[in-house]
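Fold and geometry: a report
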Amino acid sequence: MKKQIATNAAPKAVGPYSQAVAAGDFLFASGQIPLDPATGEIVEGGIEAQAERVFLNLKAVLNEAGLDFSDVVSATVYLVDINDFATVNTIYSTHFTGEILPARCAFQVAALPKQAKLEISCVAYRG
């Protein structure tokens, strides 16, 4: 059985998709870009501000499903500029801590919606 997960604490979907879908013991969270859920606009500031907003958005979606970052088993990081990898990685490491870290891939893309500098999606497991 699958269930849609939605929260006002994260930006509404900007297309025909769900913020997340729970399927069995797994949660598939759609990619989050650095939109402020209150305004629907990209947060001001550089890659640091955008990364922090993305993690706040992901946290809100995970929390709505009764999960947190420790439940994430896989993450995908999309960067418009791969040179931002080190900065994003530093911020990433403050949210993903513990003995077992998620599997991850990160790569550069040509563009992201609303000219965001990054997007992160993840899969969590309710073990």
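Preceding block: the structure.
One structure accompanies this document, and this report is about it. As the structure is a prediction and not an experimental result, all values here were calculated from the model. (Residues numbered from 1 in each chain as written. Predicted model: local features only at pLDDT ≥ 70, side-chain atom pairs only at ≥ 80, totals over all residues. Heavy atoms only, no water.)

Attention now goes to the environment of glutamate 48. By secondary structure assignment, the location of glutamate 48 is in helix H1 (residues 47–64). Overall, the relative accessible area of 45% leaves glutamate 48 in the partly exposed class. Setting aside chain neighbours within four positions, we find glutamate 48 in contact with Thr87 and Ile91. (Helix = DSSP H or I, 4+ residues; strand = E, 2+ residues; numbered from the N terminus. Buried < 20%, exposed > 50% of the residue type's maximum accessible area, 1.4 Å probe, protein only. Contact = heavy atoms within 4.5 Å.)

The next thing to look at is H1. The end-to-end C-alpha distance of H1 is 26 Å, a good match for the 26 Å that 18 residues give at a rise of 1.5 Å each. Residues of H1 that are buried include every one of Ile47, Gln50, Ala51, Arg53, Val54, Phe55, Asn57, Leu58, Ala60, Val61 and Leu62, and no others. Buried-residue contacts for H1 involve strand S1 (2–5), strand S2 (20–23), strand S3 (26–32), strand S4 (72–79), helix H2 (85–95) and strand S6 (118–125). After H1 finishes, the residue glycine 66 shows a positive phi value of roughly 80°. (Expected span 1.5 Å × (residues − 1).)

Attention now moves to empty space enclosed by the protein. The final tally for this structure, using the stated rule, is one cavity of 30 Å³ or more. Its boundaries defined by the atoms lining it, the largest cavity holds a volume of some 40 Å³. The wall of the largest cavity is formed by Val77, Leu79, Phe85, Val88, Asn89, Tyr92, Arg104 and Ala106. Of all elements in the fold, only S4, H2 and strand S5 (103–108) reach the threshold of two or more residues within the lining of the largest cavity. The dominant element in the lining of the largest cavity, judged by the number of residues it contributes, is H2, at four residues. When grouped by side-chain class, the residues that make up the lining of the largest cavity number six nonpolar, one polar and one charged. (1 Å grid on protein atoms, 1.4 Å probe; cavity = no way out; pocket = protein on both sides within 12 Å on 5 of 7 lines; lining within 4 Å. Points joined across faces, edges and corners; volume = space filled by probe spheres on them. Nonpolar A, V, L, I, M, F, W, Y, C, P; charged D, E, K, R; others polar.)

Spatial relationships are all this shows, so hold off on functional conclusions.
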